[in-house]
Amino acid sequence: MIHRTLRHLGALALLLAALPGQAQQIRLDPLPDAGPAEVEEARPVVPQQPAGPRLHVQGASPESRPATTADVLLPLRALEPQPGRVTSYRMEGDAPQAGFVLFLPQDFDGATLQIATQSSINVLPDRSQIRVFVNGRAIGTATLENFDSVRAVSLPVPPGLLKAGRNLVRIEARQTHRVFCGADASFSLWTDIALDQSGVRLGSQSFDTNPLGFLAAVAAQAARGQALRVHGTGSADRAATVAPVIAQVEVAFGGTPPRVSFEDYYSVGTTPPALARVAELPPGTSPPDGYEFRSGGDGAIVMAVDPTAYERLAEVLAEAVPQNGTEQGLPDLPPGRYVTFGELGFDGLQGHGRYIREGAEFRLPWDWLLLASQRAELALNYRFDTGLPEGALLLVKVNGTTVQLLPLDDPETAGQTLPMLPIRFRASLLQPGVNRVDFEALVPGDPPDQACEPRANPVFEVLDSTQIFVPDSPLMSRPGLGRTLAHLRQEGLSISENAKQTLPAGLLLQLAAVFRGHQGTERAPSGLDPQLTLATPADLGLIEGPLADRYSADLLHALTRVSAPAVATAPVAAWDRVNEGNWLSALLRLDRIAALPDRLREGVTSMWRGDEPDLPEWLADRSAQALLFQPDMSRPDRVWLVVGPRAMPETIVESLAATHRHIDGPMGQVSVLTGEGIWDSWVSPDQPLQLHEPLTLANARAVAGNYATTRPQDYVLVLITITLCSAFVAMLIAILMRRRRP
């Protein structure tokens, strides 16, 4: 019996030995005071109480450790990530271009840049290609011919071009439709860049145990969709202390900060193995500087740190990243004088293709505010190509509103720089914070049912001598989410108890990294102490403020609604369509006559309160992943971010990170994050204005104009009162004069 049992155990042992990588293996990271000999002699014995970040459980055998034998892809990271796209970037239209960051641990010569793409079947390969630039220098082109799957092309990088730290990779695409030509055909052209398969491959030995090596390993790990693991007590209570390091990672990479998870000292390794992680040291084991970079037992770069040294470590990471001139930020436009595009950092704008949208973004101070009839001006210097088909147009837009329409089909002026064209527009189209001037061209196909012929010259070109003038304003502001978020700091972030139980622990840390180091421009002290609380729908009843008290049920419905309700429209009879333009039949329709009082009431209300609907009406047809709202306008620095049950944390972080660069961020008092990752905002008609400087004769007109535009009902009442008083005085004078007559 005993021999039979031994034979079975032996067979089982042979079977397990034949299955590599299935057994759990315990690995020990070196202790700060342990020498090499002591580490080699350490036994993998599990203590009853964890004493430090020494123990990791790894599921792969030593023979199959990819972290120490296989090459690692250092991926491209989009400078402006697209919502919902973590591992890919879509380039749409005839001539799109995009910027990416390639982060390297050291200078490299003889490297090969790998670009993986997949294109729409509508793309014509013979006339479609991408051109790749590294740090401003072209390194090669590739034909767009991958339609059924993602495939990669390798481009050699000239020696001396790739530097340690941030490298800017720019991809310019030219895409032609197979069958059609024109603005409509441009919307069916796209090419996806597979970011998790694009970049530079390096051996794992290229990652030094230093700050640059750690940052590069985090970048490669994030491209795989893996979170940066922080090993310690497993609690996220110290998320705020880790934020400086994660924020510095965001600054180094560009885009959005990586996902973070908090683990115990004893944890199971990931597959594939982690390339980088953080280990918090217990008391009494910290190195002299409070941090140290080591090589872990599984080949990962371990940043061992005393929990009190994160701020100092963030400074070390910042100093370690070389300044390669790839840092980008939006320019500030000073009001009150003409500023050229060149001064703002734009070398001119060129438009290629059939549907073109090129723009220039800039910032205005958050205490700039003009709401009345003041005029701004764009002094446009431009030219357009010869031979453009009839009907070609150029639309000039300010924050999405068309202010000028220009023909591009005039043969007499084509091909030459035109005289400066002054375009005056309402200054109220501009807003505090980020603004954008767009140049949108629509060029018909000629002919429209054949592939477009290549065009060497740009369709239009806006010169860097173009000027923009924004009139100065009194130092005024009104409460809104945009201004509060622009001044938000890591210290102002908190999380509710309900959110702690349901939301990912790393979400608060990512938000802290997003808002760390971004400061809104202001000409006077803002006086704000912004605070943002991360919450769940269960917290809506606990929030204090007029908006929360009155509309918490409407906010809850928007968060829990599966999709926006469809608006049912009754079918229109053919005979009604025939008589639709007849004014007499429209006048005699009983339904329109019955609705006339309501329409008059709505018209008067609109004149009194403005065109913005009430919040319940605005929320009725919206479904939200998450919502930002300001419950009390008298306390504009208190903001709540309520995360719905179907929300994707990555989309929330990406969309809020984009608010520092685009005009589509949260504004007003309530902003909902749609399923497409776009913030849709509601502005209260009762927004109060605040003046941040003394009222003088010089600014009185602008101040009065802002108040009259914001609260016209007050001025209507004043005018009515003055009119009635004047009429009463006139009648009194007339009566007295009549009595004096004989």
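Residues numbered from 1 in each chain as written. Predicted model: local features only at pLDDT ≥ 70, side-chain atom pairs only at ≥ 80, totals over all residues. Heavy atoms only, no water.

Overview of the overall build of the protein
Rules: Counting from the N terminus, the helices are the DSSP runs of H or I reaching at least four residues and the strands are the DSSP runs of E reaching at least two. Burial here depends on accessible area, computed with a 1.4 Å probe over protein chains only, as a share of the maximum for the residue type. Under 20% is buried, over 50% is exposed, and the range in between is partly exposed. Note that accessible areas follow from Shrake-Rupley with a 1.4 Å probe, and for residues the cover is restricted to the protein chains shown.
When you go through the protein residue by residue, the secondary structure sums to 18 helices and 36 strands. Residues counted as buried form 48% of the 742 residues belonging to the protein. Per element, the accessible surface of the protein, about 36700 Å² overall, is 55% carbon and sulfur.

Considerations on the packing of aromatic side chains
The following threshold applies: Aromatic rings from Phe, Tyr and Trp, with only the six-membered ring used for Trp, were paired whenever their centres fell within 6.5 Å, and each pair was classed as stacked if the ring planes differed by under 30 degrees, edge-to-face if by over 60, and tilted otherwise. For a ring to carry a charge above it, either NZ of a lysine or CZ of an arginine must fall within 6 Å of the ring centroid while also lying within 35 degrees of the normal to the ring plane.
Per the counting criterion, the structure on display carries eight aromatic pairs. Here the aromatic cluster, defined as three or more aromatic residues joined through ring pairs, consists of Phe214, Tyr291 and Phe293. One residue, Arg170, lies across the ring of Phe133, its end atom 4.2 Å from the ring centre. Here the guanidinium or amino end of Arg178 rests over the ring plane of Phe147, the centre of that ring lying 5.0 Å away.

Concerning the packing of helix H10 (residues 505–515) against helix H16 (residues 649–658)
Think of two packed helices as two axes; the pair is described by the angle between the axes and how far apart they sit. As a reminder, the rule being used: Note on geometry: axes are C-alpha line fits, over the in-contact stretch for helices, and angles between N-to-C directions span 0 to 180 degrees. Put simply, angles under 35 degrees are roughly parallel, angles over 145 are roughly antiparallel, angles from 65 to 115 are roughly perpendicular, and the rest are oblique. When checking whether two residues touch, look at their non-hydrogen atoms; a contact exists if any pair is within 4.5 Å. Each residue is assigned to one of three groups, with Ala, Val, Leu, Ile, Met, Phe, Trp, Tyr, Cys and Pro labelled nonpolar, Asp, Glu, Lys and Arg labelled charged, and all others, Gly among them, labelled polar.
Where H10 meets H16, the closest approach of the two axes is 10 Å, and the angle between their N-to-C directions is 10°. Taken together, the axes of H10 and H16 are roughly parallel relative to one another. Residues Leu507, Gln510, Leu511, Val514 and Phe515 of H10 form the contact with H16, whose participating residues are Pro649, Val653, Leu656 and Ala657. A class-by-class count of the residues in the contact of H10 with H16 yields eight nonpolar, one polar and no charged.

Quick word on the sheet that holds strand S28 (residues 467–469)
Sheets are built from strands paired through backbone hydrogen bonds, the pairs being either parallel or antiparallel. Formally: Any two strands between which DSSP finds at least two bridges are classified as paired.
Strand order across the open sheet formed by four strands is S18-S28-S21-S25, with antiparallel pairing between neighbours. With one partner strand each, in any of the chains shown, strand S18 (338–340) and strand S25 (421–426) form the two edges of the open sheet. Across the sheet, the mean angle separating the axes of adjacent strands is 20° when strand polarity is ignored. Pairing of strand S21 (residues 375–380) with S25 involves six bridges; the strand directions are antiparallel. Bridge pairing in S25 places Glu377 opposite Arg424.

Here's the deal with the packing of helix H5 (residues 211–223) against helix H7 (residues 310–320)
Following both chains from N to C, one finds H5 and H7 inclined at 90°, their axes separated by 9 Å at the closest point. Classed by the angle they form, the pair H5 and H7 counts as roughly perpendicular. Only Val316, Leu317 and Ala320 of H7 make contact with H5, whose side of the interface consists of Pro211, Leu212 and Leu215.

A short note on the pattern of salt bridges
Stated formally: Here, a salt bridge means any Lys or Arg side-chain nitrogen found within 4 Å of an Asp or Glu carboxyl oxygen.
Evaluated as defined, the whole model comprises 20 salt bridges. Between Arg436 and Asp438 there is a salt bridge; the shortest N-O distance is 2.5 Å. For the pair Arg436 and Asp438, a shared accessibility class is recorded, and that class is buried. A salt bridge links Arg622 to Asp621, with the shortest nitrogen-to-oxygen separation between them at 3.0 Å. Look at Asp621 and you get partly exposed, because its relative accessible area is 39%. Taken together, the shared-partner salt bridges connect Arg357, Glu361, Arg436 and Asp438 into one network.

Structural notes on H16
Since the α-helix turns once every 3.6 residues, residues separated by three or four places project in the same direction. Of all ten residues in H16, eight are buried, a share of seventy percent or more. Restricting attention to buried positions, one finds in H16 the residues Thr651, Ile652, Val653, Glu654, Ser655, Leu656, Ala657 and Ala658. Where H16 is buried, its residues contact H10, strand S32 (626–629), strand S33 (638–643), strand S34 (670–673) and strand S35 (679–682).

Observations regarding the sheet that holds strand S22 (residues 382–384)
Strand order in this open sheet of three strands is S19-S27-S22, and the pairing throughout is antiparallel. Sheet topology places strand S19 (349–351) and S22 at the edges, where each strand pairs with a single neighbour. Averaged over all pairs of adjacent strands, the angle between strand axes in this sheet comes to 10°, irrespective of strand direction.

Re the environment of Asp126
One can find Asp126 in the loop between strand S6 (112–119) and strand S7 (129–134). Take Asp126: its relative accessible area is 75%, and that puts it in the exposed class. Along the primary structure Asp126 and Gln175 are separated by 49 residues, whereas in three dimensions their C-alpha atoms are 9.7 Å apart.

Observations regarding the side chain of Asp438
Rules: Polar contact criterion, stated in full: a pair of N or O atoms within 3.5 Å, where within protein one must be able to donate a hydrogen and the other to accept it, and residues adjacent in sequence count only if both atoms are side-chain atoms.
Checked against the element boundaries, Asp438 lands in strand S26 (residues 433–442). Here the side chain of Asp438 touches Arg436 through a polar contact of 2.5 Å, side chain to side chain.

Observations concerning a nonpolar patch on the surface
Rule in force here: Candidate patch residues must exceed 30% relative accessible area and have no salt bridge, after which like charges are joined if within 9 Å and Val, Leu, Ile, Met, Phe, Trp or Tyr side chains if within 5 Å.
Taken together, the side chains of Phe728, Val729, Leu732, Ile733, Leu736 and Met737 make up a nonpolar region of the molecular surface, amounting to roughly 570 Å² of accessible area. As for its position among the elements, Leu736 is in helix H18 (residues 712–740).

Description of H5
To keep it simple, the criterion reads: Expected helix span is taken as 1.5 Å per residue step, with the number of steps being one fewer than the number of residues.
Helix length check: H5, at 13 residues, gives a terminal C-alpha distance of 19 Å against a target of 18 Å (1.5 Å per residue), a fit within 8%. Within H5, 13 of the 13 residues are buried, which leaves it mostly tucked inside the rest of the structure. Just downstream of H5, Gly225 is the residue with a positive phi angle, here 85°.

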